[in-house]
Amino acid sequence: MSRHSEAPRRITAPDIRARKGGEPIVCLTAYTAPMAEILDQHCDLLLVGDSLGMVVHGLPSTVGVTMDMMILHGQAVMRAAKKAMVVVDMPFGSYEASPEVAYANAARILKETGAQAVKVEAGVTVAPTVKFLVDRGIPVMSHVGLLPQAVNIDGKFKAKGRDEAERAAILAAARASDEAGAFAIVVEGVDETLAPEITAAVKAPTIGIGASAECDGQVLVVDDMLGLFGWTPKFVRRYANLKDEIDKAAAGYAADVRARRFPAAAETYSLSKARQARVAQRDKRG
C-alpha cells in the first residue's frame with residue numbers, strides 16, 4: 001500500500017460548507033508546527049491568521065504582516081497538520097488592488113504552503129475578488145464584522161453592528177461574500193443579535209469570534225485561549241494559564257542554573273564502563 005493511501009483524509013472546503021446547520025465547526029489559529037500537531041486532532045480548521053503579526057512577531061496590528069511571513073508560517077503548519085483543513089490569511093495589501101493581484105498572491109500562498117484555502121477581509125467591494133478567486137479554483141473564506149486590517153480607519157479594535165447602518169453594511173458584506181462563493185464566513189466582533197441574523201441569511205457556514213454561539217462554528221486565537229498573555233479580550237474564554245506556568249518554569253530553571261543544580265548527573269553524559277576502564281588503566285600506567 002502506498003504512503004499516500006495510508007495518510008488520513010484531510011477535511012476539505014466542501015466538507016466545511018456541508019456542516020452548515022450541523023455539528024459546530026471547531027477552528028483555532030496555528031502558527032508553528034508543534035502547535036499544529038497538537039491542535040490537528042481536535043480541530044476541523046486550522047487558521048494561519050495574520051494575527052501572527054501581533055501574537056508571534058510583536059507588531060502593534062496586523063497591517064505590517066507580509067506575504068513572506070504568512071507563507072513561512074503556513075509551511076510550518078502544513079508540515080504538522082494531517083487532518084484539519086488549513087486556511088491562510090491573505091495579508092493587508094495582497095488582494096485589495098485588483099482581482100488579478102489577489103489571484104497571483106493567493107496562488108502563491110497555495111503553491112508554496114500546500115494549504116487548502118485563503119481568507120480575506122471582505123466588505124462588499126471585495127466580493128468580486130472572492131468570485132474571481134473561486135471561479136479560478138481557489139477556495140475562499142471571507143471575514144466580516146470587525147476587520148483588523150482596517151484598524152487605521154477605526155483607530156482601534158471595536159465591536160461592530162451596534163447601529164442600524166453598520167448592521168446593514170455587515171449583513172450586505174456577508175451576503176455578497178456568500179453569493180460570490182465563499183465556503184465559510186468568519187464573523188468577528190459584532191453585536192450578538194447580528195450574528196444569528198447573518199447565519200440565517202447565508203448558505204455558507206458562519207464561524208464566530210466575539211459573535212454568538214448560534215454561529216455554525218467558532219474560532220479563537222490559540223495563544224489567547226491558552227492564556228499566554230496577561231490581557232484577555234472580552235470574547236475569549238481561557239482554557240489554561242500557560243503564561244504563569246512558563247514564568248514559573250523559567251524561574252525554576254534560572255534558580256537551578258545559578259545554584260549549579262542544573263545540569264545534574266541525570267542530564268549529563270558519561271563514558272561507557274569499557275571506556276572508563278581503559279582510561280583508568282592508562283592513568284595507572286601514566
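Residues numbered from 1 in each chain as written. Predicted model: local features only at pLDDT ≥ 70, side-chain atom pairs only at ≥ 80, totals over all residues. Heavy atoms only, no water.

(A) Summary view of the packing of aromatic side chains. According to the stated counting rule, one finds 1 aromatic pair in the structure shown. Ring centres 5.8 Å apart and planes at 65° place the aromatic pair Y253 and F262 in the edge-to-face group. In this structure, R136 is placed above the aromatic ring of F132, and the distance from its NZ or CZ to the ring centre is 3.5 Å. (Phe/Tyr/Trp six-rings, centres within 6.5 Å; stacked < 30°, edge-to-face > 60°. Lys NZ or Arg CZ within 6 Å of the ring centre and 35° of its normal.)

(B) Looking closely at the pairing of strand β8 (residues 217-220). Note that strand β1 (residues 25-29) and β8 share 4 bridges and pair parallel. For V26, the partnering residue across the bridge sits in β8 and is Q218. Summarising the sheet, strand β7 (residues 206-209) and β8 pair through 2 bridges and their orientation is parallel. When the bridges of β8 are listed, I207 appears paired with G217. (Pairing = 2+ DSSP bridges. Helix = DSSP H or I, 4+ residues; strand = E, 2+ residues; numbered from the N terminus.)

(C) Quick look at the sheet that holds strand β2 (residues 45-48). Here 8 strands make up a closed barrel; going around it, the order is β1-β2-β3-β4-β5-β6-β7-β8 and the pairing parallel. Across the sheet, the mean angle separating the axes of adjacent strands is 25° when strand polarity is ignored. Of the pairings in the sheet, the one linking β2 to strand β3 (residues 85-89) comprises 4 bridges and is parallel in character. Looking at β3, one finds that L45 is bridged to M85. Strands β3 and β4 (117-121) of the sheet are contacted by helix α6 (residues 99-113), whose axis makes an angle of about 145° with β4. (Axes fitted to C-alpha atoms, helices over the stretch in contact; angles between N-to-C directions. Contact = heavy atoms within 4.5 Å.)

(D) Geometry of a nonpolar patch on the surface. Taken together, Y253, V257 and F262 make up a surface patch of nonpolar side chains, about 280 Å² in accessible area. Along the polypeptide, V257 turns up in helix α12 (residues 242-258). (Patch = residues over 30% accessible without salt bridge, like charges linked within 9 Å, V, L, I, M, F, W, Y side chains within 5 Å. Areas by Shrake-Rupley, 256 points an atom, 1.4 Å probe, with all protein chains shown as cover. Salt bridge = Lys/Arg side-chain N within 4 Å of Asp/Glu carboxyl O.)

(E) How the structure looks around the pattern of salt bridges. Under the counting rule described, the total for this entry stands at 12 salt bridges. Of the charged contacts, one joins R17 and D178 as a salt bridge, the two residues approaching to 3.9 Å between their closest N and O atoms. With R17 in helix α2 (residues 13-17) and D178 in helix α9 (residues 164-180), this pair connects stretches of sequence that are 161 residues apart. We note a salt bridge from D216 to K20, for which the minimum N-O separation is 3.0 Å. Residue D216 is located in the loop between β7 and β8, and its partner K20 is located in the loop between α2 and β1; the two are separated by 196 residues in the primary sequence. A relative accessible area of 26% means that K20 is categorised as partly exposed. Because the salt bridges share partners, they merge into one network encompassing D68, R108 and E112. (Buried < 20%, exposed > 50% of the residue type's maximum accessible area, 1.4 Å probe, protein only.)

(F) Representation of the packing of helix α7 (residues 127-135) against α9 within the structure. At a closest axis distance of 8 Å, the pairing of α7 and α9 adopts a crossing angle of 20°. Judged by the angle between their axes, α7 and α9 are roughly parallel. α9 is crossed by α7, and the crossing has right-handed handedness. Seen from α7, the contacting residues are A127, V130, K131 and V134; seen from α9, they are A176, S177 and A180. (Parallel < 35°, antiparallel > 145°, perpendicular 65-115°, else oblique. Left-handed = near helix turned anticlockwise from the far one by under 90°.)

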